[in-house]
Amino acid sequence: MKRKGFIILFWVSLGTALFFFLFFTKEKNFYNFLITLLISTMYSFVLGFGNAFINDFLNKKFPWSETTRIRTALSVVSIITGNFILVYFCNYINYVEIQKVATTEAFFSKEYATTNWFMINIALLISAFLHAKGFMEELKKTSRKEVVEQKLIAKSANAQFESLKNQLDPHFLFNSLNVLSSLIDENPNQAQKFTASMSKIYRYVLEQKDKELVTVEDEIEFAKTYCDLLKTRFEDSVDFIFDVKKEEYRRYVVPLSLQLLLENCIKHNFATSSRPLVIKIFSDNDTLCIENNLQAREKMKESAGIGLANIVQRYALLTRKNVFIEKSEDYFKVKVPILSSKPNNISAKTDDESGSYEKAKKRVKELKSFYGNLISYCTIIPFLIILNLIISPKNLWFYFPMLGWGIGVISHAFQVFGVGESWKERKIREIMDKQKNRNNGNF
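Here is what the cut-offs are and how they apply
- Residues numbered from 1 in each chain as written.
- Predicted model: local features only at pLDDT ≥ 70, side-chain atom pairs only at ≥ 80, totals over all residues.
- Heavy atoms only, no water.
- Core = buried A, V, L, I, M, F, W, Y, C linked by side-chain atoms within 4.5 Å.
- Buried < 20%, exposed > 50% of the residue type's maximum accessible area, 1.4 Å probe, protein only.
- Helix = DSSP H or I, 4+ residues; strand = E, 2+ residues; numbered from the N terminus.
- Contact = heavy atoms within 4.5 Å.
- Axes fitted to C-alpha atoms, helices over the stretch in contact; angles between N-to-C directions.
- Parallel < 35°, antiparallel > 145°, perpendicular 65-115°, else oblique.
- Left-handed = near helix turned anticlockwise from the far one by under 90°.
- Pairing = 2+ DSSP bridges.

Novice: Would you take a moment to explain the nonpolar core for this structure?
Specialist: As a rule of thumb, soluble globular proteins bury nonpolar side chains together. Core analysis: the largest hydrophobic core is formed by 48 residues, its most contacted members being Ile 220, Leu 262, Ile 279, Ile 281, Leu 288 and Val 336. If one sorts the elements of this core by residue count, helix H7 (residues 216–234) sits on top with 9 residues. Setting aside chain neighbours within four positions, we find Ile 281 in contact with Ile 220, Ile 241, Phe 242, Asp 243, Val 244, Leu 258, Leu 262, Leu 288, Cys 289 and Ile 290. Residues Leu 47, Phe 107, Tyr 112 and Ala 123 belong to the second largest nonpolar core, which totals 17 residues.

Right, dumping it as C-alpha coordinates:
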(Lines give C-alpha, C1' and ligand atoms only; values in the text may rest on other atoms or scores of the structure.)
Protein backbone atom coordinates (compact mmCIF):
# COMPACT_ATOMS: atom_id res chain seq x y z
CA MET A 1 0.00 0.00 0.00
CA LYS A 2 1.27 3.48 -0.78
CA ARG A 3 2.28 6.04 1.81
CA LYS A 4 -0.93 7.98 1.17
CA GLY A 5 -2.90 4.85 2.11
CA PHE A 6 -1.01 4.52 5.40
CA ILE A 7 -1.77 8.13 6.29
CA ILE A 8 -5.46 7.75 5.45
CA LEU A 9 -5.76 4.56 7.52
CA PHE A 10 -3.99 6.20 10.44
CA TRP A 11 -6.39 9.14 10.49
CA VAL A 12 -9.38 6.80 10.08
CA SER A 13 -8.11 4.76 13.04
CA LEU A 14 -7.58 7.85 15.18
CA GLY A 15 -10.95 9.38 14.29
CA THR A 16 -12.82 6.13 14.91
CA ALA A 17 -11.00 5.63 18.24
CA LEU A 18 -11.89 9.14 19.43
CA PHE A 19 -15.53 8.65 18.42
CA PHE A 20 -15.96 5.39 20.31
CA PHE A 21 -13.90 6.61 23.27
CA LEU A 22 -15.95 9.79 23.70
CA PHE A 23 -19.44 8.34 23.16
CA PHE A 24 -19.29 4.66 24.11
CA THR A 25 -16.54 4.26 26.74
CA LYS A 26 -17.78 4.60 30.34
CA GLU A 27 -14.40 4.94 32.08
CA LYS A 28 -12.46 7.59 30.19
CA ASN A 29 -8.79 7.09 30.99
CA PHE A 30 -5.61 6.80 28.97
CA TYR A 31 -5.51 2.99 29.13
CA ASN A 32 -9.02 2.65 27.71
CA PHE A 33 -8.17 5.13 24.98
CA LEU A 34 -5.13 3.05 23.99
CA ILE A 35 -7.27 -0.10 23.89
CA THR A 36 -9.86 1.68 21.75
CA LEU A 37 -7.14 3.01 19.46
CA LEU A 38 -5.61 -0.47 19.16
CA ILE A 39 -8.94 -2.02 18.24
CA SER A 40 -9.75 0.78 15.78
CA THR A 41 -6.30 0.46 14.18
CA MET A 42 -6.73 -3.29 13.82
CA TYR A 43 -10.05 -2.91 12.03
CA SER A 44 -8.82 -0.09 9.78
CA PHE A 45 -5.55 -1.71 8.72
CA VAL A 46 -6.81 -5.29 8.41
CA LEU A 47 -9.82 -4.27 6.35
CA GLY A 48 -7.82 -1.64 4.48
CA PHE A 49 -4.90 -3.93 3.66
CA GLY A 50 -7.21 -6.82 2.82
CA ASN A 51 -9.38 -4.87 0.39
CA ALA A 52 -6.36 -3.11 -1.12
CA PHE A 53 -4.69 -6.49 -1.73
CA ILE A 54 -7.86 -7.85 -3.39
CA ASN A 55 -8.27 -4.71 -5.51
CA ASP A 56 -4.60 -4.63 -6.61
CA PHE A 57 -4.64 -8.32 -7.46
CA LEU A 58 -7.78 -7.95 -9.58
CA ASN A 59 -6.38 -4.82 -11.26
CA LYS A 60 -3.34 -6.79 -12.44
CA LYS A 61 -5.18 -9.95 -13.51
CA PHE A 62 -8.50 -8.49 -14.67
CA PRO A 63 -8.23 -4.75 -15.58
CA TRP A 64 -11.50 -2.83 -15.67
CA SER A 65 -10.88 -1.55 -19.20
CA GLU A 66 -10.27 -5.00 -20.72
CA THR A 67 -12.53 -7.39 -18.79
CA THR A 68 -15.32 -5.24 -17.35
CA ARG A 69 -17.95 -7.95 -16.92
CA ILE A 70 -15.60 -10.57 -15.48
CA ARG A 71 -14.01 -7.98 -13.23
CA THR A 72 -17.40 -6.84 -11.92
CA ALA A 73 -18.46 -10.38 -11.08
CA LEU A 74 -15.12 -11.13 -9.40
CA SER A 75 -15.27 -7.84 -7.48
CA VAL A 76 -18.72 -8.65 -6.09
CA VAL A 77 -17.65 -12.16 -5.07
CA SER A 78 -14.33 -11.03 -3.61
CA ILE A 79 -15.90 -8.13 -1.69
CA ILE A 80 -18.48 -10.36 -0.04
CA THR A 81 -16.15 -13.30 0.65
CA GLY A 82 -13.12 -11.24 1.65
CA ASN A 83 -14.96 -8.90 3.98
CA PHE A 84 -16.90 -11.74 5.55
CA ILE A 85 -13.61 -13.42 6.50
CA LEU A 86 -11.85 -10.19 7.53
CA VAL A 87 -14.73 -8.93 9.68
CA TYR A 88 -15.11 -12.24 11.49
CA PHE A 89 -11.36 -12.30 12.09
CA CYS A 90 -11.30 -8.74 13.49
CA ASN A 91 -14.41 -9.32 15.63
CA TYR A 92 -12.95 -12.55 17.02
CA ILE A 93 -9.69 -10.83 17.98
CA ASN A 94 -11.65 -7.91 19.47
CA TYR A 95 -14.28 -9.71 21.52
CA VAL A 96 -12.48 -12.97 22.35
CA GLU A 97 -8.78 -12.08 22.57
CA ILE A 98 -8.62 -8.37 23.51
CA GLN A 99 -11.80 -7.50 25.43
CA LYS A 100 -12.43 -11.13 26.50
CA VAL A 101 -16.19 -10.50 26.68
CA ALA A 102 -17.06 -13.70 24.82
CA THR A 103 -15.86 -17.25 24.47
CA THR A 104 -15.20 -18.88 21.12
CA GLU A 105 -18.47 -20.83 21.34
CA ALA A 106 -20.47 -17.71 22.24
CA PHE A 107 -18.85 -15.68 19.48
CA PHE A 108 -20.05 -18.08 16.79
CA SER A 109 -23.55 -18.30 18.29
CA LYS A 110 -26.62 -16.22 17.44
CA GLU A 111 -25.71 -13.75 20.19
CA TYR A 112 -23.03 -12.10 18.02
CA ALA A 113 -24.63 -12.79 14.64
CA THR A 114 -26.25 -9.33 14.45
CA THR A 115 -23.02 -7.59 15.41
CA ASN A 116 -21.06 -9.51 12.80
CA TRP A 117 -23.72 -8.87 10.17
CA PHE A 118 -23.72 -5.14 10.90
CA MET A 119 -19.91 -4.93 10.67
CA ILE A 120 -19.91 -6.90 7.43
CA ASN A 121 -22.37 -4.43 5.87
CA ILE A 122 -20.22 -1.48 6.92
CA ALA A 123 -17.16 -3.18 5.43
CA LEU A 124 -19.08 -3.96 2.24
CA LEU A 125 -20.09 -0.32 1.92
CA ILE A 126 -16.49 0.87 2.20
CA SER A 127 -15.22 -1.85 -0.15
CA ALA A 128 -17.89 -1.10 -2.77
CA PHE A 129 -16.92 2.55 -2.65
CA LEU A 130 -13.22 1.73 -3.09
CA HIS A 131 -13.87 -0.63 -6.01
CA ALA A 132 -16.16 1.92 -7.68
CA LYS A 133 -13.48 4.57 -7.17
CA GLY A 134 -10.89 2.25 -8.72
CA PHE A 135 -13.17 1.67 -11.69
CA MET A 136 -13.65 5.40 -12.28
CA GLU A 137 -9.90 6.05 -12.03
CA GLU A 138 -9.21 3.26 -14.52
CA LEU A 139 -11.89 4.68 -16.80
CA LYS A 140 -10.31 8.13 -16.68
CA LYS A 141 -6.88 6.69 -17.51
CA THR A 142 -8.29 4.72 -20.42
CA SER A 143 -10.19 7.77 -21.71
CA ARG A 144 -7.07 9.93 -21.56
CA LYS A 145 -5.08 7.25 -23.39
CA GLU A 146 -7.73 6.95 -26.11
CA VAL A 147 -7.85 10.74 -26.54
CA VAL A 148 -4.07 10.88 -26.97
CA GLU A 149 -4.15 7.97 -29.45
CA GLN A 150 -6.94 9.60 -31.47
CA LYS A 151 -5.01 12.89 -31.60
CA LEU A 152 -1.92 11.07 -32.86
CA ILE A 153 -3.99 9.22 -35.46
CA ALA A 154 -5.61 12.46 -36.59
CA LYS A 155 -2.23 14.22 -36.89
CA SER A 156 -0.78 11.28 -38.80
CA ALA A 157 -3.79 11.16 -41.14
CA ASN A 158 -3.62 14.90 -41.80
CA ALA A 159 0.10 14.71 -42.52
CA GLN A 160 -0.44 11.77 -44.86
CA PHE A 161 -3.32 13.52 -46.63
CA GLU A 162 -1.30 16.69 -47.14
CA SER A 163 1.56 14.63 -48.51
CA LEU A 164 -0.76 12.92 -51.00
CA LYS A 165 -2.27 16.22 -52.12
CA ASN A 166 1.17 17.77 -52.60
CA GLN A 167 1.97 15.00 -55.09
CA LEU A 168 -0.68 16.29 -57.49
CA ASP A 169 0.83 19.63 -58.43
CA PRO A 170 4.30 18.49 -59.59
CA HIS A 171 2.84 15.26 -61.00
CA PHE A 172 0.43 17.08 -63.30
CA LEU A 173 3.06 19.63 -64.34
CA PHE A 174 5.63 16.91 -65.11
CA ASN A 175 3.24 14.89 -67.29
CA SER A 176 1.90 17.95 -69.08
CA LEU A 177 5.42 19.15 -69.92
CA ASN A 178 6.22 15.71 -71.31
CA VAL A 179 3.19 15.93 -73.60
CA LEU A 180 4.12 19.48 -74.61
CA SER A 181 7.68 18.40 -75.35
CA SER A 182 6.38 15.69 -77.68
CA LEU A 183 4.01 18.08 -79.45
CA ILE A 184 6.70 20.69 -80.09
CA ASP A 185 8.51 18.24 -82.36
CA GLU A 186 5.42 16.60 -83.85
CA ASN A 187 3.10 19.57 -84.39
CA PRO A 188 4.21 23.10 -83.31
CA ASN A 189 0.76 24.61 -83.98
CA GLN A 190 -0.92 22.05 -81.76
CA ALA A 191 1.77 22.72 -79.17
CA GLN A 192 0.69 26.37 -79.00
CA LYS A 193 -2.97 25.39 -78.49
CA PHE A 194 -1.90 22.84 -75.89
CA THR A 195 0.03 25.50 -73.97
CA ALA A 196 -3.00 27.81 -73.84
CA SER A 197 -5.29 24.99 -72.69
CA MET A 198 -2.75 23.76 -70.18
CA SER A 199 -2.68 27.15 -68.43
CA LYS A 200 -6.46 26.97 -67.87
CA ILE A 201 -6.28 23.41 -66.60
CA TYR A 202 -3.33 24.12 -64.36
CA ARG A 203 -5.31 26.92 -62.75
CA TYR A 204 -7.98 24.34 -61.83
CA VAL A 205 -5.29 22.04 -60.43
CA LEU A 206 -3.99 24.83 -58.20
CA GLU A 207 -7.52 25.71 -57.04
CA GLN A 208 -8.72 22.18 -56.31
CA LYS A 209 -5.67 20.28 -55.12
CA ASP A 210 -5.99 21.58 -51.54
CA LYS A 211 -9.63 20.55 -51.26
CA GLU A 212 -10.69 17.23 -49.79
CA LEU A 213 -13.66 16.78 -52.12
CA VAL A 214 -15.18 18.54 -55.13
CA THR A 215 -18.55 18.18 -56.82
CA VAL A 216 -18.93 15.61 -59.58
CA GLU A 217 -19.99 18.46 -61.88
CA ASP A 218 -16.74 20.36 -61.36
CA GLU A 219 -14.67 17.22 -61.83
CA ILE A 220 -16.55 16.27 -65.04
CA GLU A 221 -16.14 19.76 -66.52
CA PHE A 222 -12.45 19.67 -65.75
CA ALA A 223 -12.15 16.16 -67.20
CA LYS A 224 -13.81 17.29 -70.46
CA THR A 225 -11.35 20.16 -70.75
CA TYR A 226 -8.48 17.80 -70.05
CA CYS A 227 -9.83 15.37 -72.66
CA ASP A 228 -9.80 18.20 -75.20
CA LEU A 229 -6.18 18.66 -74.29
CA LEU A 230 -5.47 14.99 -74.95
CA LYS A 231 -7.40 15.12 -78.23
CA THR A 232 -5.09 17.93 -79.28
CA ARG A 233 -2.20 15.50 -79.07
CA PHE A 234 -3.73 12.16 -80.06
CA GLU A 235 -6.46 13.44 -82.43
CA ASP A 236 -8.61 10.51 -83.66
CA SER A 237 -6.48 7.91 -81.84
CA VAL A 238 -8.44 8.49 -78.63
CA ASP A 239 -12.19 8.77 -78.09
CA PHE A 240 -13.93 9.91 -74.91
CA ILE A 241 -17.53 9.07 -73.97
CA PHE A 242 -19.22 10.83 -71.04
CA ASP A 243 -22.42 9.37 -69.61
CA VAL A 244 -22.77 10.61 -66.04
CA LYS A 245 -26.27 11.02 -64.65
CA LYS A 246 -27.27 14.60 -63.92
CA GLU A 247 -28.52 13.69 -60.42
CA GLU A 248 -24.95 12.75 -59.49
CA TYR A 249 -23.57 16.20 -60.30
CA ARG A 250 -24.20 17.68 -56.84
CA ARG A 251 -22.45 14.85 -55.05
CA TYR A 252 -18.73 14.60 -54.33
CA VAL A 253 -15.55 12.86 -55.45
CA VAL A 254 -11.86 13.24 -54.70
CA PRO A 255 -10.43 16.18 -56.73
CA LEU A 256 -8.32 15.40 -59.82
CA SER A 257 -9.24 11.73 -59.60
CA LEU A 258 -10.51 11.69 -63.21
CA GLN A 259 -7.41 13.43 -64.48
CA LEU A 260 -5.16 10.89 -62.79
CA LEU A 261 -7.21 7.97 -64.12
CA LEU A 262 -7.29 9.39 -67.64
CA GLU A 263 -3.52 9.72 -67.49
CA ASN A 264 -3.38 6.12 -66.32
CA CYS A 265 -5.37 4.97 -69.38
CA ILE A 266 -3.12 6.85 -71.79
CA LYS A 267 0.09 5.76 -70.11
CA HIS A 268 -0.65 2.02 -70.01
CA ASN A 269 -2.30 1.59 -73.44
CA PHE A 270 -1.28 2.26 -77.04
CA ALA A 271 -3.61 4.23 -79.31
CA THR A 272 -3.65 4.50 -83.10
CA SER A 273 -6.12 5.72 -85.71
CA SER A 274 -6.84 2.16 -86.77
CA ARG A 275 -7.15 0.93 -83.18
CA PRO A 276 -8.34 3.91 -81.13
CA LEU A 277 -8.37 3.88 -77.36
CA VAL A 278 -11.96 4.36 -76.19
CA ILE A 279 -12.34 5.78 -72.67
CA LYS A 280 -15.80 5.85 -71.07
CA ILE A 281 -16.68 7.96 -68.02
CA PHE A 282 -20.07 7.04 -66.55
CA SER A 283 -21.91 6.65 -63.24
CA ASP A 284 -23.09 3.33 -61.85
CA ASN A 285 -24.52 2.50 -58.38
CA ASP A 286 -22.97 5.38 -56.42
CA THR A 287 -19.65 5.08 -58.23
CA LEU A 288 -17.96 7.04 -60.97
CA CYS A 289 -16.52 4.58 -63.48
CA ILE A 290 -13.60 5.07 -65.89
CA GLU A 291 -13.37 2.21 -68.39
CA ASN A 292 -11.13 1.69 -71.39
CA ASN A 293 -10.64 -1.06 -73.94
CA LEU A 294 -7.49 -2.92 -73.00
CA GLN A 295 -4.61 -2.29 -75.43
CA ALA A 296 -1.69 -2.74 -73.07
CA ARG A 297 1.72 -1.57 -74.14
CA GLU A 298 4.27 -4.34 -74.47
CA LYS A 299 7.08 -2.42 -72.83
CA MET A 300 6.39 0.04 -70.07
CA LYS A 301 8.81 2.36 -68.36
CA GLU A 302 8.90 2.03 -64.60
CA SER A 303 6.02 4.06 -63.17
CA ALA A 304 6.20 6.35 -60.17
CA GLY A 305 2.95 4.73 -59.00
CA ILE A 306 1.31 8.04 -58.10
CA GLY A 307 -1.97 7.97 -60.05
CA LEU A 308 -4.15 5.06 -58.93
CA ALA A 309 -2.34 4.58 -55.62
CA ASN A 310 -2.88 8.26 -54.76
CA ILE A 311 -6.64 7.99 -55.35
CA VAL A 312 -6.95 4.79 -53.32
CA GLN A 313 -5.07 6.30 -50.36
CA ARG A 314 -7.00 9.58 -50.40
CA TYR A 315 -10.34 7.76 -50.43
CA ALA A 316 -9.11 5.51 -47.61
CA LEU A 317 -8.48 8.62 -45.49
CA LEU A 318 -11.88 10.12 -46.24
CA THR A 319 -14.34 7.23 -46.21
CA ARG A 320 -14.76 3.52 -45.61
CA LYS A 321 -16.03 3.05 -49.16
CA ASN A 322 -13.52 1.28 -51.37
CA VAL A 323 -12.09 2.00 -54.81
CA PHE A 324 -12.86 -1.00 -57.05
CA ILE A 325 -10.64 -2.19 -59.90
CA GLU A 326 -11.86 -4.58 -62.58
CA LYS A 327 -9.70 -6.09 -65.30
CA SER A 328 -10.47 -8.60 -68.04
CA GLU A 329 -8.98 -9.54 -71.40
CA ASP A 330 -11.01 -6.81 -73.09
CA TYR A 331 -11.25 -3.89 -70.70
CA PHE A 332 -9.88 -2.19 -67.60
CA LYS A 333 -12.24 -0.38 -65.24
CA VAL A 334 -11.83 1.70 -62.07
CA LYS A 335 -14.81 2.60 -59.85
CA VAL A 336 -14.39 5.47 -57.42
CA PRO A 337 -17.09 6.12 -54.77
CA ILE A 338 -19.44 9.07 -55.17
CA LEU A 339 -20.07 10.55 -51.73
CA SER A 340 -23.41 12.03 -50.72
CA SER A 341 -22.10 14.66 -48.33
CA LYS A 342 -18.94 16.60 -47.82
CA PRO A 343 -17.13 15.85 -44.54
CA ASN A 344 -16.23 18.66 -42.19
CA ASN A 345 -12.66 17.42 -41.90
CA ILE A 346 -10.34 14.66 -42.97
CA SER A 347 -11.84 12.25 -40.49
CA ALA A 348 -15.12 11.73 -42.29
CA LYS A 349 -14.70 8.04 -41.74
CA THR A 350 -14.66 8.66 -38.01
CA ASP A 351 -18.47 8.68 -37.99
CA ASP A 352 -18.21 5.16 -36.68
CA GLU A 353 -15.71 6.36 -34.07
CA SER A 354 -18.14 9.11 -33.03
CA GLY A 355 -20.84 6.49 -32.76
CA SER A 356 -18.49 4.39 -30.66
CA TYR A 357 -17.79 7.39 -28.46
CA GLU A 358 -21.52 7.96 -27.93
CA LYS A 359 -21.95 4.28 -27.08
CA ALA A 360 -19.03 4.55 -24.67
CA LYS A 361 -20.67 7.57 -23.00
CA LYS A 362 -23.91 5.63 -22.69
CA ARG A 363 -22.01 2.67 -21.26
CA VAL A 364 -20.28 4.86 -18.65
CA LYS A 365 -23.65 6.33 -17.69
CA GLU A 366 -25.07 2.84 -17.21
CA LEU A 367 -22.10 1.76 -15.09
CA LYS A 368 -22.23 4.90 -12.95
CA SER A 369 -25.96 4.32 -12.42
CA PHE A 370 -25.33 0.74 -11.32
CA TYR A 371 -22.53 1.63 -8.92
CA GLY A 372 -24.61 4.48 -7.52
CA ASN A 373 -27.41 2.01 -6.92
CA LEU A 374 -25.00 -0.46 -5.28
CA ILE A 375 -23.44 2.17 -3.01
CA SER A 376 -26.86 3.48 -2.01
CA TYR A 377 -27.91 -0.07 -1.15
CA CYS A 378 -24.81 -0.65 0.97
CA THR A 379 -25.37 2.70 2.72
CA ILE A 380 -29.09 2.66 3.44
CA ILE A 381 -29.63 -1.02 4.28
CA PRO A 382 -27.17 -0.98 7.22
CA PHE A 383 -28.89 2.18 8.47
CA LEU A 384 -32.27 0.43 8.29
CA ILE A 385 -30.84 -2.58 10.11
CA ILE A 386 -29.58 -0.35 12.95
CA LEU A 387 -32.88 1.54 13.07
CA ASN A 388 -34.83 -1.73 13.17
CA LEU A 389 -32.67 -3.19 15.95
CA ILE A 390 -32.99 -0.02 18.04
CA ILE A 391 -36.73 0.60 17.60
CA SER A 392 -38.16 -2.93 17.45
CA PRO A 393 -35.52 -5.65 17.84
CA LYS A 394 -38.16 -8.36 18.15
CA ASN A 395 -39.86 -7.42 14.88
CA LEU A 396 -37.19 -7.74 12.16
CA TRP A 397 -38.69 -5.91 9.19
CA PHE A 398 -35.40 -4.84 7.60
CA TYR A 399 -35.32 -8.13 5.65
CA PHE A 400 -38.05 -6.89 3.30
CA PRO A 401 -36.26 -3.81 1.91
CA MET A 402 -32.94 -5.67 2.01
CA LEU A 403 -34.24 -8.55 -0.11
CA GLY A 404 -36.46 -6.44 -2.38
CA TRP A 405 -33.82 -3.86 -3.12
CA GLY A 406 -31.16 -6.58 -3.32
CA ILE A 407 -33.11 -8.33 -6.08
CA GLY A 408 -33.32 -4.97 -7.86
CA VAL A 409 -29.56 -4.47 -7.62
CA ILE A 410 -28.93 -7.98 -8.97
CA SER A 411 -31.37 -7.36 -11.83
CA HIS A 412 -29.62 -4.06 -12.55
CA ALA A 413 -26.27 -5.86 -12.64
CA PHE A 414 -27.58 -8.45 -15.10
CA GLN A 415 -28.93 -5.72 -17.34
CA VAL A 416 -25.68 -3.75 -17.35
CA PHE A 417 -23.23 -6.65 -17.54
CA GLY A 418 -24.76 -9.35 -19.65
CA VAL A 419 -28.53 -9.43 -20.06
CA GLY A 420 -31.18 -7.07 -21.45
CA GLU A 421 -30.26 -4.20 -23.76
CA SER A 422 -26.51 -4.83 -23.47
CA TRP A 423 -27.07 -8.40 -24.65
CA LYS A 424 -29.18 -7.16 -27.57
CA GLU A 425 -26.57 -4.59 -28.57
CA ARG A 426 -23.84 -7.21 -28.39
CA LYS A 427 -25.82 -9.58 -30.65
CA ILE A 428 -26.57 -6.79 -33.12
CA ARG A 429 -22.88 -5.88 -33.22
CA GLU A 430 -21.92 -9.53 -33.82
CA ILE A 431 -24.38 -9.82 -36.72
CA MET A 432 -23.10 -6.54 -38.23
CA ASP A 433 -19.48 -7.71 -37.93
CA LYS A 434 -20.33 -11.01 -39.64
CA GLN A 435 -22.09 -9.15 -42.46
CA LYS A 436 -19.14 -6.78 -42.82
CA ASN A 437 -16.66 -9.68 -42.98
CA ARG A 438 -18.87 -11.42 -45.58
CA ASN A 439 -18.94 -8.27 -47.71
CA ASN A 440 -15.16 -7.87 -47.44
CA GLY A 441 -14.77 -11.51 -48.44
CA ASN A 442 -16.90 -10.96 -51.55
CA PHE A 443 -14.83 -7.95 -52.49
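Novice: So what exactly am I meant to see when it comes to the packing of helix H1 (residues 3–24) against helix H2 (residues 30–61) here?
Specialist: Any two packed helices are characterised by how steeply their axes cross, that is the angle between the axes, and by the distance between the axes. As a packed pair, H1 and H2 sit with axes 8 Å apart at the nearest point and diverge in direction by 140 degrees. Comparing the axis directions of H1 and H2 gives the class oblique. Crossing geometry of H1 relative to H2 is assigned as right-handed. Contact residues: H1 offers Phe 6, Leu 9, Phe 10, Val 12, Ser 13, Leu 14, Thr 16, Ala 17, Leu 18, Phe 20 and Phe 21, while H2 offers Asn 32, Phe 33, Thr 36, Leu 37, Ser 40, Thr 41, Ser 44, Phe 45, Gly 48 and Phe 49.

Novice: Sorry if this is basic, but what is going on with the pairing of strand E4 (residues 277–283) here?
Specialist: Both faces of the sheet carry side chains from a regular strand, because those side chains alternate between them. The buried fraction of E4 is high, at 5 of 7 residues. Across 6 bridges, the pairing between strand E2 (residues 238–243) and E4 is parallel. Within E4, the position partnered with Asp 239 by the bridge is Val 278. By the bridge criterion, 5 bridges tie E4 to strand E5 (residues 287–293) in an arrangement that is antiparallel. Each bridged residue has a counterpart across the sheet, and for Lys 280 the counterpart in E5 is Glu 291. Taking the residues that link successive antiparallel strands as the turn, the E4-E5 hairpin has 3 residues, and the phi of Asn 285 there is positive, at about 50 degrees.

Novice: For this particular structure, what's the right way to read the packing of H7 against helix H8 (residues 257–268)?
Specialist: Running from N to C, H7 and H8 point in directions that differ by 30 degrees, and their axes come no closer than 9 Å. Considering their axes alone, H7 and H8 lie roughly parallel with respect to each other. Between H7 and H8 the crossing geometry is right-handed. Mapping the contact onto sequence places Glu 219, Ile 220, Phe 222, Ala 223, Tyr 226, Cys 227, Leu 230 and Phe 234 in H7 and Ser 257, Leu 258, Gln 259, Leu 262, Glu 263 and Ile 266 in H8.

Novice: Explain unusual backbone geometry to me, please; I cannot follow it from the model alone.
Specialist: Working note: non-glycine residues mostly have negative phi, and peptide bonds are mostly trans. One non-glycine residue with positive phi stands out, namely Lys 100, at about 55 degrees. Its place among the elements puts Lys 100 in the loop between helix H3 (68–98) and helix H4 (104–107). Judged by relative accessible area, which is 61%, Lys 100 ranks as exposed. Although it is not a glycine, Asp 286 adopts a positive phi angle of roughly 65 degrees. Structurally, Asp 286 can be placed in the loop between E4 and E5.

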